[in-house]
Amino acid sequence: MKRTTIAVMNTKGGVGKSTLVLALAETLTAIFNKTVLVIDSDAQASVSAMLMTSMRLHKLQSDATTIVDLLAASVLQQQKLEWQKFVIGGSSDIDDAQGLFLIPSDMQLTLFEREVSKESRHAALRATIKMLLDGVKPGYDYVFIDCPPGLSVLTEAWLREADFHISPTKPDYISVCGLEVFRRFKALNPEMGFAENLGVVVNLMDPNGAQDRDYDSWLRDRADNRCFTQPIHRSMALQHVTQFSPEGRSWLSKYPGAVGASIKAIALEVMDRVAAANAADADRAPDGEKETSAAAS
Ligand SMILES: Nc1ncnc2c1ncn2[C@@H]1O[C@H](COP(=O)(O)OP(=O)(O)OP(=O)(O)O)[C@@H](O)[C@H]1O
Ligand SMILES: [Mg+2]
């Protein structure tokens with residue numbers, strides 16, 4: 001199966017994980033005509049709130065149709081995984097983002113994670129995450145998982161089962177340290193598998209700040225960071241994309257000028273890197289499997 005699932009993760013908070021998930025999902029659907037599923041795995045439900053009105057989100061949460069209900073049914077109540085019931089369309093305030101789908105989140109996610117730990121259901125959680133990703137993969141060109149900061153049991157399950165991870169990072173000391181912690185975490189229990197690093201996105205960059213430029217170079221000098229070529233500058237426009245607009249708007253008005261150009265460049269690089277990884281997989285596959293995977297893609 002083609003590798004297309006991407007956890008967006010950094011142990012550090014406030015580096016633009018949810019904003020990047022939103023911007024990539026909207027750009028891949030509206031500009032590149034792809035289908036994208038966003039899985040909100042943060043109890044704060046940030047990306048869910050960026051994609052709909054709070055009334056609609058409240059209704060979904062009250063109707064028990066969020067990631068919490070999906071996971072609790074499978075992991076704690078051992079029911080069949082019926083993920084289709086939890087995917088909603090028609091989110092996003094962008095007119096031509098019909099290809100964007102979402103599994104929203106809820107504050108109760110924290111309580112769910114406590115139950116998983118209390119009842120030692122870690123293996124069941126990981127099995128459910130694997131089943132969920134295997135289930136959704138054929139239906140979407142890309143699947144993005146918006147992870148909270150830190151390394152919770154749920155985040156670990158995504159990182160072990162997803163195909164790739166992307167880490168948005170601020171060009172500052174604490175964010176560089178956050179990446180280092182993540183790198184060490186990745187090296188633990190290698191037998192359990194881990195997502196491949198698709199790359200680090202340098203976000204919230206002040207192009208005129210000497211210190212930002214130093215940290216940007218520091219990040220880029222480490223080849224295993226695989227920094228995306230295009231940094232994202234700090235801008236009012238990107239700060240505003242997180243505010244859902246009930247009136248609707250065009251992609252161009254939401255991502256104007258230089259912001260739009262940088263998000264488009266990163267979306268293109270994501271597509272290229274995912275395609276290159278899958279092409280490398282196909283090259284490594286034995287001949288019999290090559291034919292099967294060519295037919296499947
Ligand atoms: N390039 C940018 N320019 C200006 N503001 C930005 C940019 N990127 C993100 N922001 C703002 O920074 C704040 C944090 O962004 P976001 O919520 O995406 O970070 P996060 O890493 O998901 O945070 P958390 O760790 O809490 O989940 C938000 O107010 C967002 O609007
Ligand atoms: Mg977030």
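Residues numbered from 1 in each chain as written. Chains lettered and ligands numbered in written order. Predicted model: local features only at pLDDT ≥ 70, side-chain atom pairs only at ≥ 80, totals over all residues.

1. Details of the overall build of the chain
Across its full length, the chain carries 13 helices and six strands. Rg of the C-alpha trace for the chain: 19 Å, near the compact-globule value of 19 Å for 297 residues, within the 12% margin. With respect to the principal axes defined by its C-alpha atoms, the chain has extents near 55 × 50 × 40 Å. Within the span of the chain, comprising 297 residues, buried residues form 41% of the whole. Contacts in the chain between residues far apart in sequence, at least 24 positions, make up 81% of those at least 6 positions apart. (Helix = DSSP H or I, 4+ residues; strand = E, 2+ residues; numbered from the N terminus. Rg over C-alpha atoms; globule rule 2.2 N^0.38 Å. Buried ≥ 20, exposed ≤ 12 C-beta atoms within 10 Å, placed from the backbone. Contact = placed C-beta atoms within 7 Å.)

2. Some thoughts on the pairing of strand 1 (residues 5-8)
Covered by surrounding structure in strand 1 are T5 and A7 together with I6 and V8, the residues of both alternating faces. With four bridges joining them, strand 1 and strand 4 (residues 142-146) adopt parallel strand pairing. If you follow V8 over to strand 4, its bridge partner there is D146. Pairing between strand 1 and strand 5 (residues 164-169): three bridges, direction parallel. Following the sheet pairing, V8 is matched in strand 5 by I166. (Pairing = 2+ DSSP bridges.)

3. Some words on the pairing of strand 5
Across the six residues that make up strand 5, a large majority, six, are buried. Residues of strand 5 alternate between two faces, with F164, I166 and P168 on one and H165, S167 and T169 on the opposite face, all of them buried. The parallel pair strand 5 and strand 6 (residues 196-202), bridged by helix 8 (residues 173-187), forms a crossover whose chirality is right-handed. (Right-handed = clockwise from strand over helix to strand, strands pointing away.)

4. Here we look at the sheet that holds strand 3 (residues 100-103)
Ordered by their spatial adjacency, six strands build an open sheet running 3-2-4-1-5-6, and the pairing between neighbours is parallel. Each of the sheet's edge strands pairs with one partner strand only, and the pair in question is strand 3 and strand 6. In this sheet, neighbouring strand axes are inclined to one another by 20 degrees on average, regardless of whether the strands run parallel or antiparallel. Sheet analysis places strand 2 (residues 36-40) next to strand 4, joined by five bridges and oriented parallel. The residue of strand 4 that forms the bridge with V38 is F144. (Axes fitted to C-alpha atoms, helices over the stretch in contact; angles between N-to-C directions.)

5. Thoughts on the packing of helix 4 (residues 67-76) against helix 6 (residues 122-136)
Two numbers describe how helix 4 lies on helix 6: the axes approach to 9 Å, and their chain directions differ by 125 degrees. It follows from the interaxial angle that helix 4 and helix 6 lie oblique. The element helix 4 and its partner helix 6 pack so that their crossing is right-handed. Facing L71, S74 and V75 of helix 4, the residues of helix 6 in contact are A124, L125 and T128. (Parallel < 35°, antiparallel > 145°, perpendicular 65-115°, else oblique. Left-handed = near helix turned anticlockwise from the far one by under 90°.)

6. A look at helix 5 (residues 109-118)
Of the positions making up helix 5, those classed as buried are L109, F112 and V116. Down the axis of helix 5, the buried side of the element spans an arc of 55 degrees, and every buried residue falls inside it. Residues of helix 5 that are exposed and point over 90 degrees away from its buried face: R114, S117 and K118. Downstream of helix 5 by one or two residues, S120 has phi in the positive range, about 50 degrees. (Arc of directions from axis to C-beta.)

7. Focus on the environment of W218
Take W218: it is sitting in helix 9 (residues 210-221). Along the sequence, W218 and P171 sit 47 residues apart, while their C-alpha atoms lie 8.8 Å from each other.

8. Focus on the site of ligand 1
Neighbouring ligand 1 are 19 residues; G13, G16, K17, S18 and T19 lie closest to it. Mapped by element, the contributors of at least two residues to the shell around ligand 1 are helix 1 (17-30) and helix 10 (236-240). For the shell around ligand 1, the element with the most residues is helix 1, which contributes three residues. Residues that form the shell around ligand 1 fall into these classes: six nonpolar, 10 polar and three charged. (Near = placed C-beta within 6 Å. Nonpolar A, V, L, I, M, F, W, Y, C, P; charged D, E, K, R; others polar.)

9. Observations regarding helix 6
In an α-helix, one turn spans 3.6 residues, which is why side chains three or four residues apart end up on the same side. For helix 6, spanning 15 residues, the distance from its first C-alpha to its last is 21 Å, which sits close to the expected 21 Å at 1.5 Å a residue. Buried within helix 6 are the following residues: L125, R126, T128, I129, L132 and L133. Angularly, the buried residues of helix 6 cover 160 degrees about the axis, an arc narrow enough to put them on a single face. Each element contacted by the buried residues of helix 6 is listed here: strand 1, helix 4, helix 5, strand 4 and helix 7 (153-161). (Expected span 1.5 Å × (residues − 1).)

10. Points about unusual backbone geometry
Trans peptide bonds make up most of the peptide bonds, and negative phi angles are found at most residues other than glycine. Positioned with a positive phi, S92 is a non-glycine residue whose angle comes to about 75 degrees. As for its placement among the helices and strands, S92 is situated in the loop between helix 4 and strand 3. A positive phi is found at N189, a non-glycine position, where the angle reads about 45 degrees. By the secondary structure assignment, N189 is in the loop between helix 8 and strand 6. When the 11 C-beta atoms within 10 Å are taken as the criterion, N189 is described as exposed.

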